[in-house]
Structure formats: C-alpha cells, structure tokens
Amino acid sequence: MMKIVILGTGNVARFFLQQLADQKVDVVQLYNHRAESAQDLSTQYGIPLVTETNAINPDADLYLFCIKDQAITGLAAGIKLKPTQTAVHCAGSQSLDLLAATGINTAVVWPLYSINKNKLPQERTVPLVVEASNSFAAQQAEAFAALISNHITPVSYAQRQYLHLSAVMVNNFTNHLLAIGAQICAEQSLPYDLLKPIIAQTFTSAMIQDPSSLQTGPAVRNDVRTMDVHVQLLQTHPEWESLYRAISNSIEKMHT
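This section reports on the structure supplied with the text. Computed from a prediction, not measured in an experiment: that's the story for all the values here.

Thoughts on the sheet that holds strand S7 (residues 128–132)
Here is step 1: Read from one edge of the open sheet, 8 strands run S3-S2-S1-S4-S5-S6-S7-S8, paired in mixed fashion. The open sheet has two edge strands, strand S3 (49–50) and strand S8 (152–154), and neither has a second partner.
Here is step 2: By the bridge criterion, 6 bridges tie strand S1 (residues 2–7) to strand S2 (residues 25–31) in an arrangement that is parallel. Bridging from a neighbouring strand, Lys3 pairs with Asp26 of S2.
Here is step 3: Contacts from helix H4 (residues 135–148) reach S1, S2, strand S4 (62–65), strand S5 (86–89), strand S6 (106–111), S7 and S8, with the element oriented near 165° to S7.

What to know about the pattern of salt bridges
Here is step 1: Enumeration according to the criterion identifies 6 salt bridges in this entry.
Here is step 2: Here Asp40 ties to Arg14 by a salt bridge, and the two come within 3.0 Å at their closest N and O atoms. Taken together, the residues Asp40 in helix H2 (residues 39–45) and Arg14 in helix H1 (residues 11–20) connect sequence positions 26 residues apart.
Here is step 3: For Asp40, a relative accessible area of 40% gives the class partly exposed.
Here is step 4: Its salt-bridge partner being Asp59, residue Lys82 comes within 3.4 Å of it at the nearest N-O pair. You can see Lys82 sitting in the loop between helix H3 (72–76) and S5 and its partner Asp59 sitting in the loop between S3 and S4, a full 23 residues away along the chain.
Here is step 5: Under the relative-accessibility criterion, Lys82 is labelled partly exposed at 42%.
Here is step 6: Note on Asp59: relative accessible area 48%, which makes it partly exposed.

A word on the packing of aromatic side chains
The geometry of two aromatic rings is summed up by the distance between their centres and the angle between their planes.
Here is step 1: On inspection of all chains with the given rule, the structure shows 2 aromatic pairs.
Here is step 2: By the ring-pair criterion, three or more aromatic residues cluster together here, those being Phe15, Phe16 and Phe144.

Here we look at a nonpolar patch on the surface
Here is step 1: On the surface, a cluster of nonpolar side chains totalling about 560 Å² of accessible area is made up of Tyr162, Leu165, Met169, Val170 and Phe173.
Here is step 2: With respect to the secondary-structure elements, Val170 resides in helix H5 (residues 157–187).
Here is step 3: According to the relative accessible area criterion, Val170 is exposed, its value standing at 59%.

Re the pairing of S4
Here is step 1: Neither face of S4 is open: one carries Leu62 and Leu64, the other Tyr63 and Phe65, and all of them are buried.
Here is step 2: As paired elements, S1 and S4 share 4 bridges and run parallel to each other. Within the sheet, the bridge partner assigned to Ile6 lies in S4 and is Leu64.
Here is step 3: When S4 meets S5, the two strands line up parallel, connected through 4 bridges. By the bridge assignment, Phe65 is partnered in S5 with His89.

Observations concerning the state of the cysteines
Here is step 1: The full count for this structure, using the stated rule, is 0 disulfides.
Here is step 2: With no disulfide of its own, Cys66 lies 3.8 Å from the sulfur of Cys90, the closest cysteine sulfur.
Here is step 3: Looking at Cys90, the relative accessible area reads 11%, which means it is buried.

Some words on the nonpolar core
Here is step 1: Within the largest apolar cluster, 30 residues are counted, with the highest numbers of intra-cluster contacts made by Ile4, Ile6, Phe16, Leu20, Leu64, Val109 and Phe144.
Here is step 2: Every element with two or more residues in this core is listed here: S1, H1, S2, S4, S6, S7 and H4.
Here is step 3: Ignoring any residue separated from it by four or fewer positions in sequence, one finds Phe16 in contact with Leu64, Cys66, Cys90, Val109, Pro111, Phe144 and Ile148.
Here is step 4: Val5, Ile56, Tyr63 and Leu75 belong to the second-largest nonpolar core, a separate cluster that totals 18 residues.

Examining the packing of H5 against helix H9 (residues 238–254)
Here is step 1: For the pair H5 and H9, interaxial distance at closest approach is 12 Å and the crossing angle is 130°. One finds that H5 runs oblique with respect to H9. The way H5 lies across H9 gives a crossing that is left-handed. Every residue of H9 that contacts H5 at His176, Leu177, Ile180, Gln183, Ile184 and Glu187 is listed here: Trp240, Leu243 and Ile247.
Here is step 2: Residues belonging to the contact of H5 with H9 are distributed by class as follows: 6 nonpolar, 2 polar and 1 charged.

A short note on the pairing of S6
Here is step 1: Of all the 6 residues making up S6, 6 are buried; the element is thus mostly covered by neighbouring parts of the structure.
Here is step 2: Burial along S6 is two-sided: Thr106, Val108 and Trp110 and Ala107, Val109 and Pro111, pointing in opposite directions, are all buried.
Here is step 3: Across 3 bridges, the pairing between S5 and S6 is parallel. What sits directly across from Val88, in S6, is Ala107.
Here is step 4: Summarising the sheet, S6 and S7 pair through 5 bridges and their orientation is antiparallel. From the neighbouring strand, Val109 faces S7, where its bridge partner is Val130.

Definitions and cut-offs
- Residues numbered from 1 in each chain as written.
- Predicted model: local features only at pLDDT ≥ 70, side-chain atom pairs only at ≥ 80, totals over all residues.
- Heavy atoms only, no water.
- Pairing = 2+ DSSP bridges.
- Helix = DSSP H or I, 4+ residues; strand = E, 2+ residues; numbered from the N terminus.
- Contact = heavy atoms within 4.5 Å.
- Axes fitted to C-alpha atoms, helices over the stretch in contact; angles between N-to-C directions.
- Salt bridge = Lys/Arg side-chain N within 4 Å of Asp/Glu carboxyl O.
- Buried < 20%, exposed > 50% of the residue type's maximum accessible area, 1.4 Å probe, protein only.
- Phe/Tyr/Trp six-rings, centres within 6.5 Å; stacked < 30°, edge-to-face > 60°.
- Patch = residues over 30% accessible without salt bridge, like charges linked within 9 Å, V, L, I, M, F, W, Y side chains within 5 Å.
- Areas by Shrake-Rupley, 256 points an atom, 1.4 Å probe, with all protein chains shown as cover.
- Disulfide = S-S within 2.5 Å.
- Core = buried A, V, L, I, M, F, W, Y, C linked by side-chain atoms within 4.5 Å.
- Parallel < 35°, antiparallel > 145°, perpendicular 65-115°, else oblique.
- Left-handed = near helix turned anticlockwise from the far one by under 90°.
- Nonpolar A, V, L, I, M, F, W, Y, C, P; charged D, E, K, R; others polar.

Okay, structure coming up:
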C-alpha cells in the first residue's frame, strides 16, 4: 500500500484527498504551516496534521506538494528524501527543478482542470498530466495518478508548458470574455441570461467539433462595417476595444 504525505491543504489537496478516500492507499500525514486552515481536513479524514517541517513523516513513499508555486522551492529545501521516495508537485507551468533539493526522484502530477474546493469533481474523468525525472519517479507518479483518474498522459516539460498555455486560453481567457459580456449587459440594463443559450451552444459544439470549423461572426465574414460599430461602442472601455481588435485580427488571419 502506497504511503503518502500531502503538503498543503488547498483546492488541489482537497481534490486528491476526496479521490483517495476509497482507494487502497495510506495518507499518513497532512502538512500545513497554519493549523487553523487544515484542521477540518485532518478531522474529516482522520489524518494526523503537522505544522513544522521537521515533524514531516520521513517514511512515506510519495510526498505530494499541493502548495502555491512560489512556495515549492522553499519547502522542498527542508525535505530530504531517500532514493526509494518520490517528491511530486502539482503546478502545471512549473519545472521539476523546483523539487531538486528533495532528491533524485521528482515528478509532476497536474490536474488539467480548474479545481474549486466548493465544487470538487466527483468522477475519475479529470485529466492528469505526468512528467518525471526518471523511470522510477514516473512509475510512482503514474501509480498515484491511477488512483485519482482514468485519464493519465505522460508529457515532456515543453509539452506541459504548451498545455498550460492552451488551458489558460480556453479557460481563463474565455471566462474573462464571458465576464466582459456580462458587464456590457449590466451597463446597458440587459439580462445576462439572454446570452446563456448561445454560450451553451458554443461550448457544446466545441466539445464535438473542431472549433476552427465553427467560427462565425463579423471578423470571419470580413464585415468591416459591423466591426467598426462595435469598436465605437467600446470607446468607454479602451482595453476591451484593443482586445476586440486583436481577437478580430487573429480570427481574420486564421481564416484567410
């Protein structure tokens, strides 16, 4: 039975703990530098909690760093692992080098999903992207990932960087555009609900077809008159006007 120490108790840690609850695995310890923000998890799952690095269990198989990207290197510096142990972080855009101080076996297991502790995914469908420093670390990381999801993809660091970029485009940027649409509606006393059917249509279609083949709108039609009107309507929001021009230009180039 794999023994795991989970370092951090935020969104990703909570997702992993939920998925591991019914698995043949032993989460031997939780670490968080603030007890008050982790006591609920310790109590819920019956896992001992420590707040000092020198109290971290030295005998686990896998040490899972579920903490902020900028904190990984500092915490890793205080944890020295044996050649039979593996350190894993979950930061999609960050190098394995952040864990170098722990030892020779390092890996990344990155959930390619926007994890929110208030709405954790229940199914085993969240894609997990895996990168490792060597074959032993890869074996350990993939064995852990298999406890969480049925969708595991080994990648190189370069591939993972491009995946992270793509995820930002389709998730973070798309959400920002939705927020802009909602604010425009609010400013014009229009119900945002009017946009929901076309939003649903867009995402449903993009799940089953190549998004490029679905492109519609004035930019793909080279409807300059309509685009000029839109630009005028955005005069009070110059940052949105610039965004509108840039995206329209990108659409034109992709479809010429």
